[in-house]
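Chain by chain, the residues run as shown.
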Amino acid sequence: MTTTQDHGTRESTQQRVQPVGKRHLSGLDRLLVQADRALRTLSPGEPCHGRPSPARAEAEAELSSSERRHAAGLMRVNHSGEVCAQALYQGQALTAKLAKVRSEMARAADEEIDHLAWCEQRLQALDSRPSWLNSLWYGLSFGLGAAAGKISDRISLGFVAATEEQVCKHLQDHLEKLPSRDKKSRAVVKQMLIDEEAHAHAALSAGGRRFPRPVKGVMSLVAKVMTSTSYRI
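Keep in mind that what you see is a predicted model, and the values were worked out from it rather than measured. (Residues numbered from 1 in each chain as written. Predicted model: local features only at pLDDT ≥ 70, side-chain atom pairs only at ≥ 80, totals over all residues. Heavy atoms only, no water.)

**Let's talk about the side chain of Asp114**
Piece 1. The residue Asp114 is located in helix α4 (residues 99-125) in this model.
Piece 2. A polar side-chain atom of Asp114 sits 2.7 Å from a polar atom in the side chain of Arg51. (Helix = DSSP H or I, 4+ residues; strand = E, 2+ residues; numbered from the N terminus. Polar contact = N/O pair within 3.5 Å; in protein donor to acceptor, adjacent residues only side chain to side chain.)

Below, the structure written as structure tokens:
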């Protein structure tokens, strides 16, 4: 025989063991999640990722010292770009008004982890390292993402699309500049380009606002500062 008290106890227990992913997160919880994500992004060591690197299907080429340095510089820029992407998406997920948009930002950030891991793998193979300025880039990008999300979800999604367009331009430029023999790095960049184009399209399809040309011009100037410094530092 089941008493009312027993029934209530079982309900209470079921509530306590409810999966974390289905619980409502408070503002503090979400801040802690963002802090954990930042530490994981910026800490040394290859991030956890889902897809294997496209580079694994290619043979490692014999590169000259100058080719190796140049390839490492370009992949360091790409790695910093993925650090910025992580921060941008996390900032937007924190302040987005619609739960659907927050979920989309979190999903996109998860996909970008693959890129982060692939770039770090290539840097290690090229006997190089990530940029020392990544913490700075993360902080600035997180702030921009949070501000965009605070304004409106349309602006937030539009900012994603405009940012991904800039990233695609850099990736296309890197495909031209990478040593032709470095097929591993080229394979990584090609797959990143496919993914980033898809992210830009998805953001616009979700209702993102297309940014005017002058705004994109300012974003391009900021991106040039990041790429030129991350290539060397």
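There is more to say after this.
**Structural notes on the packing of aromatic side chains**
Piece 1. For the structure shown, the criterion picks out 1 aromatic pair.
Piece 2. Aromatic pair Tyr138 and Phe142: ring centres 6.4 Å apart, planes at 15°, arrangement stacked. Linking Tyr138 with Phe142, this pair stays in helix α5 (residues 134-151), spanning 4 residues, or about one helical turn.
Piece 3. Note that Arg129 overlies the ring of Trp132, its terminal NZ or CZ placed 3.9 Å from the centroid. (Phe/Tyr/Trp six-rings, centres within 6.5 Å; stacked < 30°, edge-to-face > 60°. Lys NZ or Arg CZ within 6 Å of the ring centre and 35° of its normal.)

**Some thoughts on unusual backbone geometry**
Piece 1. Despite not being glycine, Asp127 has its phi angle at roughly 55°, a positive value.
Piece 2. Summarising the element assignment, Asp127 is placed in the loop between α4 and α5.
Piece 3. Residue classification places Asp127 among the exposed residues on the basis of a relative accessible area of 66%. (Buried < 20%, exposed > 50% of the residue type's maximum accessible area, 1.4 Å probe, protein only.)

**As for the packing of helix α3 (residues 65-95) against α5**
What describes two packed helices is the angle between their axes and the distance between those same axes.
Piece 1. In contact at an axis separation of 7 Å, α3 and α5 are set at 35° when each is read in the N-to-C sense. For the pair α3 and α5, the crossing hand works out as right-handed. For the pair α3 and α5, the contacting residues are His79, Ser80, Val83, Cys84, Gln86, Ala87, Leu88, Gln90, Gly91, Gln92, Leu94 and Thr95 in the first and Asn134, Trp137, Tyr138, Ser141, Phe142, Gly145, Ala146, Ala148, Gly149 and Lys150 in the second.
Piece 2. Across the contact of α3 with α5, the residue classes tally to 10 nonpolar, 11 polar and 1 charged. (Axes fitted to C-alpha atoms, helices over the stretch in contact; angles between N-to-C directions. Left-handed = near helix turned anticlockwise from the far one by under 90°. Contact = heavy atoms within 4.5 Å. Nonpolar A, V, L, I, M, F, W, Y, C, P; charged D, E, K, R; others polar.)

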